[in-house]
Amino acid sequence: MASRAGALLLWLASACASGSKAPAGPTPQPETPRVEVLPERGDTNKPTPNPQPLPRQPAAPPALALVRGWMPLLATGVPAFLSAHPTWDGRGVLIAILDSGVDPGVPGLDSTSTGRPKLLDVRDFSGEGRVELTPIVPQGDAVVVMGQRLTGFGRMRALAASGPWYGGALRERLLGLPPASDLNDNGLDSDTLAVVVGKASDGWLLFADTDGDGSFANERPVHDYLMARERFGWHRPGGAPLLTLAANVSESARGLELALVFDTEAHGTHVAGIAAGHGIGAVAGFDGVAPGAQLLGLKISRNDFGGLTTSGSVLAALDYALRFAAARRLPLVVNMSFGVGNEREGTARLDGLLDSALAAHPEVVFITAAGNDGPGMSTIGFPGSMRRGITVGATQPAAFFTPPGRGAPRGPDPLLFFSARGGELGKPDLVAPGTAYSTVPGWNFGEEFKSGTSMASPHVAGLAAILLSAAQAQGRSVNAEDLRRALAGGARPLPGQGTLAAGAGIPNLEEAWRVLQSPAPAATFDVELADHPGSSASYQIGGADSLVRFRIRRTRGSGSLELTLHSEVPWLSGPATVTLDGPESIVTLTQRPPVEAGVHSGAVTATAAGIAGPIFRLLSTVVIPEARQAGPVRVGARLAPGTERRAFFAADSGRPFRVRMATRVPGENLIAALHQPGGSPILGENGIPGGADTAAAVYDIDGRDALRGYYEAVAVAPPGSSATINIAIDHAPVGLALAAVPGDSVAITIRPLGDSAIAGRLNLGLLGGEQSVAVSGAGGGDVRVPFRLPPWARQLIVDLELDPEQWSHFTDFGLTALDSAGRILDKAPANYAHSRLSVALAPGAGDQDAAIVLAPGFAEPGSSEQWAGRVTIRLYADHPVAIETREGDEFTLADQQRMVFHARLGEPPWPLPEAFRPLGLLLVEAGGISWTWEWPIPRVP
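Notes on the structure follow. (Residues numbered from 1 in each chain as written. Predicted model: local features only at pLDDT ≥ 70, side-chain atom pairs only at ≥ 80, totals over all residues. Heavy atoms only, no water.)

What about the overall build of the protein?
Part 1: Helices and strands together make up the secondary structure of the protein, namely 12 helices and 54 strands.
Part 2: Projected onto its principal axes, the C-alpha positions of the protein cover 90 × 75 × 55 Å.
Part 3: Among the 941 residues that make up the protein, the fraction classed as buried is 60%.
Part 4: Mean positive and mean negative side-chain charge positions of the protein (75 and 92 charges, respectively) differ by 3 Å. (Helix = DSSP H or I, 4+ residues; strand = E, 2+ residues; numbered from the N terminus. Buried < 20%, exposed > 50% of the residue type's maximum accessible area, 1.4 Å probe, protein only. Lys, Arg positive; Asp, Glu negative; His and termini not counted. Charge placed at Lys NZ, Arg CZ, Asp CG, Glu CD.)

As structure tokens, then:
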């Protein structure tokens, strides 16, 4: 799902236009794109009302967005292709949007270019919209539902005279954060909204008191969406709904079931508009990529805790889409702009299940987002790592960083800095525009600009629909591998970015159609490292001459195929030709990597005579670190717009370090990112702006977070301007150990880590309290970890640590903090086995019971798999409290010397909740830098 980059992109747009440093609080002008900058939600500890009125106007007029090219279709040649072939606009093709839901009442998602219904069905597979129904008995013209007395029941009797009748309700507070959860737009998030269901001669129908007048008399009935494409929405009296809902009503062995389908994340609605919107914002000609295509809106995520797929929802939605398309004989494209990070690439259970389903349906095209965890290497998430899907990274269209009237910059658009990169995987396959102005529900007005690989994926889904539409018009049958070959074979490489960053590059429709019309290969193949199953590319840190063996498996076709191999780089070589005539073969490459520090990546391309485009690519990457042991690193470079400089360096477990990235020239800007060993972004904020001198981007890694292995620091130039950058990396010159001693005291041992004398100062303080709790569960049920939130707490940090080996079994894992009333303090989907949630607490938020809610989702439907992990809760006060040591605070140490400091703790200045230990801070000032270690302080009476 799109994440974390919106504010930075807004800053980049401003920085590229003006050359200024990042503003503290950007204020968009009417013509300035607002890229996924979410509205402030205020103090959720207060019961209601919402502190800010909802915006009733879009971020920019849709007509202006059309003129400015904020639906960036030019990059992939859509306007020219459809001008030449106006009837090949996706008509006759179905695109399934597996996402947070699709709002069926948004202008632009109501009809296709031929006037046919745009949304053929919307279904909820997440369970979030399920409404528990109980039989009700009317009392004359009134009925009581969930304690609410509603009149006008005669409307129901007129259509469903004999019953049976059922009642149920949605509770707003269970639907996440306002304004999305404020379904009736009354400024409160605490309403219970009743519905009644009865059976009429034409099927089940639903009534709701949408205007809040306490009566059904002026309400209209709503049938199941598939039956009548009817929809409804609660609203203020005289107003329009800010969220449109649809009903799914079905009978099963369990009885009557009702699910209400809605998009309280806005993500799926935005994605749908990019793929196939027509007349967005009711503006003629303002279309998505494939305006003739029809859509399925399949909700796979519960949006209450941050857009989380639920157990089995992805497979259930895919199964529905497959059956729906087959019954109507429609070519099917599936878009899934969802995913989480890989701990071990190529092992995700979801990938395997999806690949198996697609192997049984080779005609179905599955498009998925690469993920937003870049710019580090090996950051492709799953299901972007699946083999049979087309994985899409993201570029930043020039329309979003070029001021009006200046004209578009020459050349292709640069990569979005956070677009995930390959490494252990030969992904992404392609890149496409990753920022767009698109459709959103009414509650999300003002946020029409969103950015991420989530937005690039539906762009390619729309391209696939157009190509399928074109093939169908000519009576041709093509499959998913044909489409992949065409899109990749017709793509333009991205200058300055290799295959692991941009795949084959940016697709072009006309060129893709040319490839699709050319002869197809007699067979298709899958690539995997022979010695590392699951990895589709060779990736190693530290270079030495070696052999790399690839296993080439046939996935379709038969017969012998002779291939020519061509290497893109001189240090990677293989046989000139290979003949593939069995189910699998081994191809061995020789790599003699350069010795210079940096990332060295190359590919060997296999082609066949008479076949357009490559048959497959064999990718190899060798990383030569700047330093193989923890020590100072200094790197400088001149970066072209949108390009990056990487620095890999060694770190030690428990040893703090600092990474400083700055520009040399005042007025120049950069984005700085830091990735942990293995590729995952560091815990906390990643991808921060930097400038010259005091505006430098600085990462101070505390001792508790430092891991042993190779970190990756990345400096990225803005998309519209170059930058001269410096990267400086320093490690703490001393090591610390903390131990409890009798008498409510601690002993702190300090020792040098280098071969020279070290002088400095040691400080000890208390920050707050910490509790660590073992947690476990079975299947996809939520697990609550209760704790007491004290009145002095001003910040809450929660760490979730799961078994990395089990991570590949999940599809999501939510991490949410709730107050005593069940309101969300903050939430964050866990993207890796070790994830962190940071919550700023307003004054008055404390002195109440609270809870951390863990929400796992497994790949298999109905999973009851056991899982276990640990949750660490840290509470911080306004300011640390210093504790004096018996020996003072200064030290001078020669090589191999040690010094021990002693301190008596006494009672903490704040009453700690039960089961919490004092949280201490050890700070060493040495070499002009402050190094920190946070530790729960052990105590011995």
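Considerations on the sheet that holds strand 2 (residues 119-124)
Part 1: Across the sheet, 7 strands lie side by side as 2-13-1-16-18-20-21; this open sheet has parallel pairing. With partners counted over all chains shown, the strands left at the sheet margins are strand 2 and strand 21 (430-433), one partner each. On average, each strand axis in the sheet is inclined to that of its neighbour by 25°, with strand direction left out of account.
Part 2: As paired elements, strand 2 and strand 13 (residues 294-299) share 5 bridges and run parallel to each other. In the sheet register, Leu119 faces strand 13, and the bridge partner there is Leu295.
Part 3: Packed onto the sheet, helix 7 (residues 313-328) meets strand 1 (94-99), strand 2, strand 13, strand 16 (332-336) and strand 18 (365-369) and runs at close to 165° relative to strand 1. (Pairing = 2+ DSSP bridges. Axes fitted to C-alpha atoms, helices over the stretch in contact; angles between N-to-C directions. Contact = heavy atoms within 4.5 Å.)

Brief notes about the environment of Pro804
Part 1: Structurally, Pro804 is set in the loop between strand 45 (795-802) and strand 46 (810-818).
Part 2: Of the residues examined, Pro804 reaches a relative accessible area of 41% and is grouped as partly exposed.
Part 3: For the pair Pro804 and Glu343, spaced 461 residues apart in sequence, the C-alpha to C-alpha distance is 6.2 Å.

Considering the pairing of strand 45
Part 1: Burial runs high along strand 45: 6 of the 8 residues are buried.
Part 2: Inspection of the sheet shows strand 45 paired to strand 48 (residues 834-840) by 7 bridges, in the antiparallel sense. In the strand pairing of strand 48, Leu800 is matched with Ser835.
Part 3: Pairing analysis gives 8 bridges linking strand 45 to strand 50 (residues 866-883), with the strands arranged antiparallel.

Some points on the pattern of salt bridges
Part 1: One pass over the full model with this rule turns up 47 salt bridges.
Part 2: Of the charged contacts in the structure, one is a salt bridge between Arg658 and Asp700, with a shortest N-O distance of 2.7 Å. Taken as a pair, Arg658 in strand 35 (residues 657-663) and Asp700 in strand 38 (residues 697-701) lie far apart in primary sequence, 42 residues in all.
Part 3: For Arg658, a relative accessible area of 22% puts it in the partly exposed group.
Part 4: Through salt bridges that share partners, Arg704, Asp705, Glu770, Asp799, Arg836, Arg874 and Glu934 make up one connected network. (Salt bridge = Lys/Arg side-chain N within 4 Å of Asp/Glu carboxyl O.)

Some points on the packing of aromatic side chains
In this description, an aromatic ring pair is defined by two values, namely the gap between the centres and the angle between the planes.
Part 1: This model, assessed by the stated rule, comprises 23 aromatic pairs.
Part 2: With centroids separated by 4.7 Å and ring planes inclined at 35°, the aromatic side chains of Phe810 and Phe858 adopt a geometry described as tilted. Remark: Phe858 occurs in strand 49 (residues 848-858) and Phe810 occurs in strand 46; sequence separation between them is 48 residues. The two residues Phe810 and Phe858 agree in class, both being buried.
Part 3: On the numbers, 5.1 Å between centres and 90° between planes, the contact of Phe813 with Trp867 is edge-to-face. Here Phe813, found in strand 46, pairs with Trp867, found in strand 50; they are 54 residues apart in sequence, far enough to count as distant. (Phe/Tyr/Trp six-rings, centres within 6.5 Å; stacked < 30°, edge-to-face > 60°.)

Things to note about unusual backbone geometry
Part 1: Pro178 connects to Pro179 through a cis peptide bond whose omega is 10°.
Part 2: Relative to the elements of secondary structure, Pro179 occurs in the loop between strand 7 (165-171) and strand 8 (192-200).
Part 3: Between Gly374 and Pro375 the backbone carries a cis peptide bond, its omega angle lying at 10°.
Part 4: Of note, Pro375 is situated in the loop between strand 18 and strand 19 (381-382).
Part 5: Of note, Asp693 is a non-glycine position whose phi angle comes to about 55°, a positive value.
Part 6: Positionally, Asp693 belongs in the loop between strand 37 (688-690) and strand 38.
Part 7: Look at Asp693 and you get exposed, because its relative accessible area is 55%.

Remarks on the side chain of Gln806
Part 1: One can find Gln806 in the loop between strand 45 and strand 46.
Part 2: Given the relative accessible area of 11%, Gln806 is considered buried.
Part 3: Discounting chain neighbours no more than four positions away, the residues touching Gln806 are Glu865, Gln866, Trp867 and Ala868.

Side note on the packing of helix 9 (residues 453-473) against helix 12 (residues 509-517)
Part 1: As a packed pair, helix 9 and helix 12 sit with axes 11 Å apart at the nearest point and diverge in direction by 45°. Classified by the angle their axes make, helix 9 and helix 12 are oblique. As for the relative orientation of helix 9 and helix 12, their crossing is right-handed in sense. Packed against helix 9, whose contacting residues are Leu463, Ile466, Leu467, Ala470 and Ala471, the element helix 12 presents Leu509, Ala512, Trp513 and Leu516 at the interface.
Part 2: Tallied by class, the residues present in the contact of helix 9 with helix 12 amount to 9 nonpolar, no polar and no charged. (Parallel < 35°, antiparallel > 145°, perpendicular 65-115°, else oblique. Left-handed = near helix turned anticlockwise from the far one by under 90°. Nonpolar A, V, L, I, M, F, W, Y, C, P; charged D, E, K, R; others polar.)

A few points about the sheet that holds strand 27 (residues 561-567)
Part 1: Taken in spatial order, the 5 strands make up an open sheet running 25-32-31-27-29, and their pairing is mixed. One side of each edge strand has no neighbouring strand; the edge strands of this open sheet are strand 25 (538-541) and strand 29 (577-580). The average undirected angle you get between the axes of adjacent strands in this sheet is 20°.
Part 2: In terms of strand pairing, strand 31 (residues 598-607) meets strand 32 (residues 616-624) through 9 bridges, oriented antiparallel. In the strand pairing of strand 32, Thr605 is matched with Arg617.

Points about helix 9
For an α-helix, the turn length of 3.6 residues means that residues three or four places apart are oriented alike.
Part 1: Across its 21 residues, helix 9 extends 30 Å between first and last C-alpha, which sits within 8% of the 30 Å expected from 1.5 Å per residue.
Part 2: Taking burial as the measure, the 21 residues of helix 9 include 19 buried ones, the bulk of the element.
Part 3: In the segment just after helix 9, Gly475 is the residue with positive phi, at about 70°. (Expected span 1.5 Å × (residues − 1).)

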